[in-house]
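Structure assessment
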Amino acid sequence: MQPVTRIEFISDAVEMHKILDSLDRVGVSNYTVLPNVLGKSRQGEVFDDMAVTGLGGQVYIISYCLPEQVKTVVEEIRPILNKFGGSCYICDAMEVRSVKCISSL
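Residues numbered from 1 in each chain as written. Predicted model: local features only at pLDDT ≥ 70, side-chain atom pairs only at ≥ 80, totals over all residues. Heavy atoms only, no water.

Turning our eyes to something else, we now look at the sheet that holds strand β6 (residues 87-95). Sheet strands associate in pairs through backbone hydrogen bonding, adopting either a parallel or an antiparallel arrangement. Judged by pairing direction, the sheet is antiparallel, and its 4 strands sit side by side in the order β2-β5-β1-β6 without closing on themselves. Here the strands that pair on one side only, and so sit at the sheet edges, are β2 (31-37) and β6. Along the sheet, successive strands turn relative to each other by an average axial angle of 20°, direction set aside. Pairing of strand β1 (residues 2-12) with strand β5 (residues 58-65) involves 8 bridges; the strand directions are antiparallel. (Pairing = 2+ DSSP bridges. Helix = DSSP H or I, 4+ residues; strand = E, 2+ residues; numbered from the N terminus. Axes fitted to C-alpha atoms, helices over the stretch in contact; angles between N-to-C directions.)

A word on unusual backbone geometry. Non-glycine residue Asn 36 carries a positive phi angle of around 55°. Its place among the elements puts Asn 36 in strand β2. Assessed through its relative accessible area of 32%, Asn 36 is described here as partly exposed. (Buried < 20%, exposed > 50% of the residue type's maximum accessible area, 1.4 Å probe, protein only.)

In this section: the pattern of salt bridges. Counting across every chain of the model gives 4 salt bridges. One salt bridge in this structure joins Glu 8 and Arg 6, with 2.6 Å as the shortest N-O distance. The partner of Arg 25 in a salt bridge is Glu 76, with the nearest N and O atoms 2.7 Å apart. Of this pair, Arg 25 sits in helix α1 (residues 16-25) while Glu 76 is found in helix α3 (residues 70-84), placing the two residues 51 residues apart along the sequence. Overall, the relative accessible area of 24% leaves Glu 76 in the partly exposed class. (Salt bridge = Lys/Arg side-chain N within 4 Å of Asp/Glu carboxyl O.)

Moving on, we come to the packing of aromatic side chains. With the rule as written, the count across this model stands at 0 aromatic pairs. In this structure, Lys 18 is placed above the aromatic ring of Phe 84, and the distance from its NZ or CZ to the ring centre is 4.7 Å. (Phe/Tyr/Trp six-rings, centres within 6.5 Å; stacked < 30°, edge-to-face > 60°. Lys NZ or Arg CZ within 6 Å of the ring centre and 35° of its normal.)

A separate point is the environment of Glu 8. Mapped onto the elements of the fold, Glu 8 is located in strand β1. Beyond its immediate chain neighbours, meaning those up to four positions away, Glu 8 contacts Tyr 60, Ile 61, Ser 87, Cys 88 and Tyr 89. Polar side-chain contacts of Glu 8 include one of 2.6 Å to the side chain of Tyr 60. (Contact = heavy atoms within 4.5 Å. Polar contact = N/O pair within 3.5 Å; in protein donor to acceptor, adjacent residues only side chain to side chain.)

Set out below in structure tokens:
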């Protein structure tokens, strides 16, 4: 197992590429994007208004990086969140990789 840092974003789909480009710029190129997420926050409910506005609704982005990359990621992402909104959550995690077992007979 290896310690990693999990970074989660909830953002308007329109701003998704700004976040992904920022992650790529700082060397965090592994991520998963879940489109059209729904939810409720302090600001109220988020509905899937894609059919009405054509903008694509909200996305949920999950990424992992090495713990020593977190400060750089935050410095890169914070201006985007401050300007365009969205949420970012960071927590410690453990990466489990599969290992092939070769038995000698």
